[in-house]
Amino acid sequence: MPLKELIHQVINATERSISNHHRFVVFLCKKELDRDMLKIAEDIFEVYFQSYKVLKGEKNFEGLLLVGRTKFLEMVEGTRNFSQFNPRKFHFKDSERVLGETYGSLILDLTEGFNPNDLGIIIETVKEGGMILILSPPIEEWEIKLSKWHEELVSEPYSKENIVPRFYRRFIRHTENVKGIIIYDLDSSKLLKEFEESSYEKSAEIEIPSGGQIKRKLYKLCATQDQIEVLRRFETFFDRQRENKVAVITADRGRGKTAILGILTPFLISRMQRVLKRPIRVMLVAQSPQSVQTYFRFLRLALTRQGFSDCKFKESNGLITVVTGRHLRIEYVVPRRAILEARNSDIVIVDEAASIDVSTLFKIIEGVRYAIFSSTIHGYEGSGRSFSVRFLRRLEKDENVEIERISLEEPIRYGKGDPVEKWLYRTLLLDSKPVNLGENDIECITAGNLSFELLDKDEFIENEELLSEFFGIYILAHYRNRPSDLVILFDMPNHLAFRVSANGKTVCSLHVAIEGGINDDLISEMMRGYKPKGQIIPDIIVKHHVDANFPQTLGLRVVRIATHPDVMDMGIGSFALRKLVEWAEKEGYEWVGSGFGVSPELLRFWRKNSFIPLHITPQRNEISGEYTVVVVRALVERLKERLEILNSNFIKRLVEYLSDELRDLDGETASMLLGTLERDYDVRKPKLSAIDVSRMEKYIEGISLYEYVSDVVRPVVRYYFLKRDHVELSEEEEKVIIQKCLQLKGWWEFGELLKEGRVYSILHSAVCKIWGWFNERFNEGFNER
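Draft legend 1. Structural detail: the sheet that holds strand β17 (residues 495-502). Read across the sheet, 7 strands follow the order β16-β17-β18-β19-β20-β22-β21 without closing on themselves; strand pairing throughout is mixed. In this open sheet, the two edge strands, each paired with only one partner strand, are β16 (451-454) and β21 (612-616). The sheet shows a mean angle of 30° between the axes of neighbouring strands, direction not considered. Here β16 pairs with β17 via 4 bridges, running antiparallel. Across the sheet, the residue bridging to Phe452 is Val500, located in β17.

Draft legend 2. Examining the environment of Gly595 more closely. Relative to the assigned elements, Gly595 resides in strand β20 (residues 591-597). Classification of Gly595 as partly exposed rests on a relative accessible area of 35%. For the pair Gly595 and Arg777, spaced 182 residues apart in sequence, the C-alpha to C-alpha distance is 36 Å. Among all residues touching Gly595, those that are not within four sequence positions of it are Thr628, Val629 and Val630.

Draft legend 3. Spatial organisation of the layout of surface pockets. Taken as a whole, the second largest pocket encloses approximately 580 Å³ of empty space. Listed by contribution, the elements that provide at least two residues to the lining of the second largest pocket are α9 (257-276) and α10 (293-306). Here the lining of the second largest pocket is built from residues that sort into 9 nonpolar, 11 polar and 13 charged.

Draft legend 4. Representation of the pattern of salt bridges in the model. Within this structure, the stated rule accounts for 58 salt bridges. For the salt bridge of Arg638 with Glu590, the shortest nitrogen-to-oxygen distance reads 2.0 Å. One end of the pair, Arg638, is in helix α23 (residues 637-657); the other, Glu590, is in the loop between α21 (572-586) and β20, with 48 residues separating them in the sequence. Here the residues in one salt-bridge network are Arg170, Arg173, Arg426, Asp431, Glu462 and Glu464, joined through shared partners.

Draft legend 5. Main features of the sheet that holds strand β14 (residues 370-376). In space, the 8 strands of this open sheet follow the order β10-β11-β12-β9-β13-β14-β8-β15, with mixed pairing throughout. Both edges of this open sheet fall to β10 (312-316) and β15 (401-408), since each of them pairs with a single strand only. Direction aside, the axes of adjacent strands within the sheet are offset by 20° on average. Here 6 bridges tie strand β9 (residues 280-285) to strand β12 (residues 328-333), and the two strands are oriented parallel to one another. Residue pairing across strands places Ile280 opposite Leu328, the latter belonging to β12. Contacts from helix α8 (residues 225-233) reach β8 (244-251) and β15 within the one sheet, and its direction differs from that of β15 by about 165°. In the packing of α10 onto the sheet, contacts are made with β9, β10, β11 (319-325), β12 and β13 (347-350), and the angle to β11 comes to roughly 30°.

Draft legend 6. Local environment of helix α25 (residues 690-700). When we look at burial in α25, the residues that qualify are Asp692, Val693, Met696 and Tyr699. Each buried residue of α25 sits inside an arc of 115° when the element is viewed along its axis, so together they form one side. Gly702 lies just past α25 and shows a positive phi near 85°.

Draft legend 7. How the structure looks around empty space enclosed by the protein. Per the stated rule, a full pass over the model turns up 5 cavities of 30 Å³ or more. Put simply, the second largest cavity is a space of about 50 Å³. Around the second largest cavity sit Asp357, Ser359, Thr360, Lys363, Val598, Arg620, Gly625, Glu626, Tyr627, Leu665, Asp666 and Thr669, which together line it. Per-element accounting of the lining of the second largest cavity gives the leading share, 3 residues, to helix α12 (residues 358-364).

Draft legend 8. Molecular detail of unusual backbone geometry. For the bond running from Glu156 to Pro157, omega is 10°, close enough to zero to count as cis. Along the chain, the position of Pro157 falls in the loop between α5 (148-153) and α6 (166-175). With phi around 50°, Glu352 is a residue other than glycine that occupies positive phi space. Tracing the chain through its elements places Glu352 in the loop between β13 and α12. Classification of Glu352 as buried rests on a relative accessible area of 8%. Located in the positive-phi region is Asp569, a residue other than glycine, with phi close to 60°. Mapped onto the secondary structure, Asp569 falls in the loop between β19 (554-563) and α21.

Draft legend 9. Focus on the side chain of His22. You can see His22 is positioned in the loop between α1 (3-20) and β1 (24-29). In this structure, His22 is in contact with Ser17, Glu128, Gly129, Gly130, Ser198, Ser199, Tyr200, Gly415, Lys416, Gly417, Asp418 and Pro419, ignoring residues within four places of it in sequence.

Draft legend 10. Focus on the pairing of β10. Relative to β11, β10 runs antiparallel, the two being bridged by 5 bridges. Across the sheet, residue Ser316 finds its bridge partner in β11, namely Leu319.

Draft legend 11. Region of interest: the packing of helix α22 (residues 600-608) against helix α24 (residues 667-674). It is at 9 Å that the axes of α22 and α24 come closest, and there the two elements cross at 20°. Judged by the inter-axis angle, α22 sits roughly parallel to α24. As for the relative orientation of α22 and α24, their crossing is left-handed in sense. Residue-level contacts link Pro600, Leu603 and Arg604 of α22 to Glu668, Thr669, Met672 and Leu673 of α24. Among the residues making up the contact of α22 with α24, the classes are represented as 4 nonpolar, 1 polar and 2 charged.

Draft legend 12. Just the pairing of strand β5 (residues 131-136), in detail. Taking burial as the measure, the 6 residues of β5 include 6 buried ones, the bulk of the element. Burial of the side chains of β5 extends over both faces: Met131, Leu133 and Leu135 are buried on one face and Ile132, Ile134 and Ser136 on the other. In this structure, β1 lies alongside β5, joined through 6 bridges in parallel fashion. Bridge pairing in β5 links Cys29 to Ser136. Note: strand β4 (residues 105-109) against β5, 4 bridges, orientation parallel. Opposite Asp109, over in β5, you have Leu135 as the bridge partner. Taken together, β4, helix α4 (residues 116-123) and β5 constitute a β-α-β crossover, and its handedness is right-handed.

Draft legend 13. Region of the structure containing the environment of Arg695. Position of Arg695 relative to the elements: it lies in helix α25. Judged by its relative accessible area of 25%, Arg695 is partly exposed. Between the alpha carbons of Arg695 and Asp441 there is a distance of 64 Å; along the sequence they are 254 residues apart. Here Arg695 is in contact with Tyr708, Val709, Asp711 and Val712, once residues within four sequence places are set aside.

Scoring rules and cut-offs
Residues numbered from 1 in each chain as written. Predicted model: local features only at pLDDT ≥ 70, side-chain atom pairs only at ≥ 80, totals over all residues. Heavy atoms only, no water. Pairing = 2+ DSSP bridges. Helix = DSSP H or I, 4+ residues; strand = E, 2+ residues; numbered from the N terminus. Axes fitted to C-alpha atoms, helices over the stretch in contact; angles between N-to-C directions. Buried < 20%, exposed > 50% of the residue type's maximum accessible area, 1.4 Å probe, protein only. Contact = heavy atoms within 4.5 Å. 1 Å grid on protein atoms, 1.4 Å probe; cavity = no way out; pocket = protein on both sides within 12 Å on 5 of 7 lines; lining within 4 Å. Points joined across faces, edges and corners; volume = space filled by probe spheres on them. Nonpolar A, V, L, I, M, F, W, Y, C, P; charged D, E, K, R; others polar. Salt bridge = Lys/Arg side-chain N within 4 Å of Asp/Glu carboxyl O. Arc of directions from axis to C-beta. Parallel < 35°, antiparallel > 145°, perpendicular 65-115°, else oblique. Left-handed = near helix turned anticlockwise from the far one by under 90°. Right-handed = clockwise from strand over helix to strand, strands pointing away.

Here is the structure:
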């Protein structure tokens, strides 16, 4: 019987994987997912399970996970396949619910394709000795496979027919060439790929230290010696040399970072509570409550072992978010809320910090004495290497902050050298690194010898070295990278890849999307509220500027632009934009734009390259804590005037938003945005009475207070920022007048300037200058337009 060959392979793979503390994968391939396929899958799993029981014992098996789309789950439910193993079942859309969980094995339905974000999260739950049984279409079908997810991604007016499944082609090619994977075709009853064993790398023996401050009971919750060492390092966490202490834990996925935070927290609370003699508040910051359930699971165990027996765990939608007790309060919050409340906490813990914008991280820890960050190096939530380059380097310059770096290398679910992890990392390009640059390369860049090119996507995806260089830069430079970005760039018809190179080495990566060119019927739907897929900038212009003409124009949106970290601030990004604009003009595009989480640094970059802002989201992103700004540069004369009008309207709204929705926008960013006004906004001069003018004169002379004239100052300041001709204000003066007169901040919100007593004089100086401008503009002080 042909299936005997597969059974032999599975038995062998089980034995070798258990021996090496690794996992293995079996692809069962068939044209159609049917009952026969499920029955064979169940039989293969039974073979595996019997082998596992002989070698490890049934009690060591940590359960079976089944994940797939609706058809698969309904068939499993209807046929009762795998029911004897009492599996947990999840739809792909709920994949984040398994984050941090551990399973003995996995049955994964890929017959309808998959989202690569889900693939990584789901497979990482399987422990050593586990089998990942994948139900797959025939190998050759991956060459043309288009999933429902592809249809959801494709931008209008493109359709499914325009998609090229380059990512799936690369996925199956790598699958056929790595160790630890068996491929069997059920339609032809042929073994297409035999199991190959990976070399075994021995893990360190666990040794619990004695005589320390942390209880032995807490150390026993650790799964690896790496976790033991992390816990031991925190015994001296409070022995700081500077005002503030920050600990940073970095690791690849599946190393137990989140778990060790939960184990550690009760010890930190106990130490602080003994000194401060009051309840301790810990704030836990993360993307979502699902991602920190592992933290709370280990926290529950550790609290009991530390002696906190009166704790209550509160849930929201079935997920733990708050823990309270006589001596403590531990609360999960999103980054946006953390910005406002972190300074009221004794300890702030940020899990998966790489997924949060750097400027938001700094706002979160402002005024916080003790902070702990955990960050994934190669992950699905964001890049820890980006976090290291962009956040830690800047933090190290703060003389008041003491930083302790800690790393975890040993996997907790499986042994080192696991072939499945290697397969995932390479397939999803999680281990990509930018190319090393030598002195000759730097000299080449300094001399301006750079090349700019559009990459042929068919050739690009076949070039592993170029792929690593290109995406390695993204991993280091950007915090919001996800494996699905690969599919969007490679498969979608309106997405393009460009690069800047020096001596043939990639020093800048660009991901660009074609937008616009929308027909009248679709524009009419957009005007009625319809949101077309993949038309980000045209949709924003329609929704927020009620402009039905702009979507007809054809443009480019820069999705990502990133420079090699070793050669930043050398003009490479500006060179890339300049060349992109030249290419776009030559190809007949009418505008180039982008949307990004706004910061002074990024806004300065885009302004330097002649892009003007047209929109800002009036609320922070719940996850990243950022405000998003959209900028556009016109490439044709007829569009320039229109964009200037849109910019003028945007600045008018910004002036109003600053006193409400954007009240917490930092002063530097607000000042820079207001300074982008391209043409005067047509607005009446504020009407002032003779008494108003008199009151102002008293303030100008220094014999009155701002509080008594704020009703006059504010409309004048609003009017001032809607005109282009300005007086010379210092940077401090502009920030203070914006924060006080537009953002309506209280004196107590001016920090050091208030302590130094300078904020009043700075405001007075700025008001005097603007008042002089106001009077000079109209030659008299009141009752004029």
